[in-house]
Amino acid sequence: MFETAVILGSGLGAAGRKAEDLGGVVVSYDQVPYLPCPAVGGHAGRLILGTGEVDGTLLLQGRVHLYEGHSLDRTTFAVRMLQLLGVRQLLVTNAAGGINDSYRVGDLMLLKGHCTFLNVQHSAVDSRRTPATKLWSDRLRHVARSVDSSLSVHEGVYAMMQGPNYETPAEVQMLKTLGVDAVGMSTVPESLAASAAGMDVLGISCITNLASGLTDQPLNHNEVSRAAAEVESEFVRWIFAVVSRLQL
Ligand code: HPA
């Protein structure tokens, strides 16, 4: 029985490799009927059935995005599969651009709120049962905060933009004015679907870059992957510790 699942975003797949090294069983997404396979670099498309320290946990190495042209149905398919497998708590990770002035590359942000201008409310998600105020679990955030890390762990508001282009500097200024702390292109559809399915959800952003216009650094997918690789080992240690503490 799997009670916990972790969706690993861009460049954060190392936790899946560690679970594999510990004896986890690997299933390629293309072996699972109807499960869409990621096409973006850094998203391996593998499901790892955890054992040992992460016994009872499923790790999903990679996701598909709306910006790849997938429907909401396909973007949230994995979550409905997890629901059928009995998952009750879901950790959803992503790479994100930092907007809050105090955020640095390599920091983590636990989502305490989100905004998006997209229609991500799937028809299968009953909006009356999914009040956005209840989306991000206080309990899971509390447990995550109780695990020490050498990385700075913030709590903040995530904005999901459609992508696939990064934001313009003007859009980043708009988001900052609106009170957004970090920006990315994922997480919200899966989290809404999970919450509607009755799961507790923890959103985790890894700040892989400062958002567009906040630095002279070029912003591209390679930079995002490189920054994620630099924090990889500590991120893996921390997320394993969080998952162990969450075991029901
Ligand atoms: N914007 C949107 N998505 C992202 C970013 C960003 O700056 N960094 C990583 N994913």
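Keep in mind it's a predicted model, so treat the numbers as computed, not measured. Along each chain, residues carry numbers from 1 onward, in the same order as the chain's sequence is written. This being a predicted model, a pLDDT of at least 70 is required before a residue's local features are given, and a value of 80 or more before pairs of side-chain atoms are given or counted; all residues contribute to the totals for chains, interfaces and linings. In computing side-chain properties, one takes all heavy atoms of the structure into account and sets aside hydrogens as well as water.

> Lay out the state of the cysteines with the relevant residues and their values.
Note that a disulfide, as used here, is simply two cysteine sulfur atoms within 2.5 Å. Taken as a whole, this structure holds 0 disulfides when the rule is applied. In this structure Cys-115 is not part of a disulfide, and its nearest cysteine sulfur, from Cys-206, lies 20 Å away. Three exposure classes are used, based on accessible area relative to the maximum for each residue type with a 1.4 Å probe and protein chains only: buried under 20%, partly exposed in between, and exposed over 50%. Classification of Cys-115 as partly exposed rests on a relative accessible area of 21%. Judged by its relative accessible area of 1%, Cys-206 is buried.

> I'd like to hear about the packing of helix H4 (residues 138-145) against helix H7 (residues 221-246), residue by residue, with values.
Interhelical geometry of H4 versus H7 gives an angle of 125° and a closest axis separation of 9 Å. Comparing the axis directions of H4 and H7 gives the class oblique. Remark: the crossing between H4 and H7 carries right-handed chirality. Contacts from Arg-139, Leu-140, Val-143 and Ala-144 in H4 reach Trp-238, Val-242, Arg-245 and Leu-246 in H7. In this analysis, axes come from line fits to C-alpha atoms, helices being fitted only over the stretch in contact, and the angle between any two N-to-C directions falls in the range 0 to 180 degrees. Starting at the N terminus, helices and strands are each numbered in turn, a helix being any DSSP run of H or I of at least four residues and a strand any DSSP run of E of at least two. Roughly parallel refers to an angle under 35 degrees, roughly antiparallel to one over 145, roughly perpendicular to one between 65 and 115, and oblique to any angle outside these ranges. Note on convention: near helix rotated counterclockwise from far helix by under a right angle means a left-handed crossing. Clockwise means right-handed. The contact definition used throughout considers only heavy atoms, calling two residues in contact when any of these lie within 4.5 Å.

> Tell me about the packing of helix H1 (residues 14-21) against H7, and please be specific about residues and values.
One can describe the packing of H1 onto H7 by two numbers: an axis separation of 9 Å at closest approach and a directional angle of 65°. Handedness of the H1/H7 crossing: right-handed. Facing H1, whose interface residues are Ala-14, Ala-15, Arg-17, Lys-18 and Ala-19, H7 presents Glu-232, Val-236, Ile-239 and Phe-240. Think of it as three bins: nonpolar holds Ala, Val, Leu, Ile, Met, Phe, Trp, Tyr, Cys and Pro, charged holds Asp, Glu, Lys and Arg, and polar takes everything else, Gly as well. Residues of the contact of H1 with H7, tallied by class, amount to 6 nonpolar, no polar and 3 charged.

> How would you sum up the site of the ligand? Please name residues and give values.
Contacts to the ligand come from Ala-95, Ala-96, Gly-97, Tyr-166, Glu-167, Val-183, Gly-184, Met-185, Thr-208, Asn-209 and Val-224. Side-chain polar atom of Glu-167 to a nitrogen atom of the ligand: 2.7 Å apart, as the coordinates give it. To be clear on the numbers: accessible area is Shrake-Rupley with a 1.4 Å probe, and residue cover counts the displayed protein chains and nothing else. About the coverage of the ligand: the protein hides 95% of its 260 Å² of free accessible area. A 1.4 Å probe that fits but cannot get out identifies a cavity on a 1 Å grid over protein atoms alone, an open set with protein on both sides within 12 Å along at least five of seven lines counts as a pocket, and a residue lines either if it has an atom within 4 Å of a point. In this scheme, a molecule is assigned to a cavity or pocket if more than half of its atoms are within 2 Å of the grid points. Mapping the ligand onto the cavity grids shows that it belongs to the largest pocket. Elements with a contribution of two residues or more to the shell around the ligand: strand E5 (89-98), strand E8 (182-184) and strand E9 (200-210). The greatest single-element share of the shell around the ligand, amounting to 3 residues, is contributed by E5. Nearness is judged by heavy atoms alone; a residue qualifies as near a molecule or strand once a single heavy atom is within 4 Å of it. For the purposes of these results, a polar contact is taken to be a pair of N or O atoms within 3.5 Å, where, inside protein, one atom must be able to donate a hydrogen and its partner to accept one; residues adjacent in sequence count only when each atom of the pair is a side-chain atom.

> Could you give an account of the pairing of E5, naming the residues involved and the relevant values?
Taking burial as the measure, the 10 residues of E5 include 10 buried ones, the bulk of the element. Across 4 bridges, strand E1 (residues 4-8) lies against E5 in parallel orientation. What sits directly across from Val-6, in E5, is Leu-91. Only strands that DSSP links by at least two bridges are regarded as paired with each other. Sheet topology note: the E5/E9 ladder contains 10 bridges and is parallel. Looking at the pairing, Ala-95 lines up with Cys-206 of E9.

> Let's hear about the layout of surface pockets: which residues, and what values?
Taken as a whole, the largest pocket encloses approximately 280 Å³ of empty space. In terms of lining, the largest pocket is formed by 25 residues, of which the most central are Ser-10, Ala-95, Tyr-166, Gly-184 and Met-185. Elements represented by at least two residues in the lining of the largest pocket include exactly E5, E8, E9 and H7. Split into classes, the residues belonging to the lining of the largest pocket amount to 11 nonpolar, 12 polar and 2 charged. Grid points are joined across faces, edges and corners, and a volume is the space filled by probe spheres set on the points.

> Give me the lowdown on the side chain of Glu-234, citing residues and values where you can.
Within the secondary structure, Glu-234 sits in helix H7. Apart from residues lying up to four places away in sequence, Glu-234 is in contact with Ser-149, Ser-150 and Leu-151.

> How would you summarise empty space enclosed by the protein if you had to cite specific residues and measurements?
Tallied over the full model, the rule gives 2 cavities of 30 Å³ or more. Space inside the largest cavity adds up to approximately 100 Å³. Forming the boundary of the largest cavity are Ile-7, Tyr-29, Leu-35, Pro-36, Leu-60, Gly-62, Arg-63, Val-64, Arg-74, Thr-75, Ala-78 and Glu-190. For the lining of the largest cavity, the per-class residue count stands at 7 nonpolar, 2 polar and 3 charged. In this structure, the second largest cavity encloses a volume near 30 Å³. Every element with two or more residues in the lining of the second largest cavity is listed here: strand E4 (57-61) and H7. Looking at the lining of the second largest cavity, the element that brings in the most residues is H7, giving 3 residues. Looking at side-chain class alone, the lining of the second largest cavity contains 6 nonpolar, 1 polar and no charged residues.

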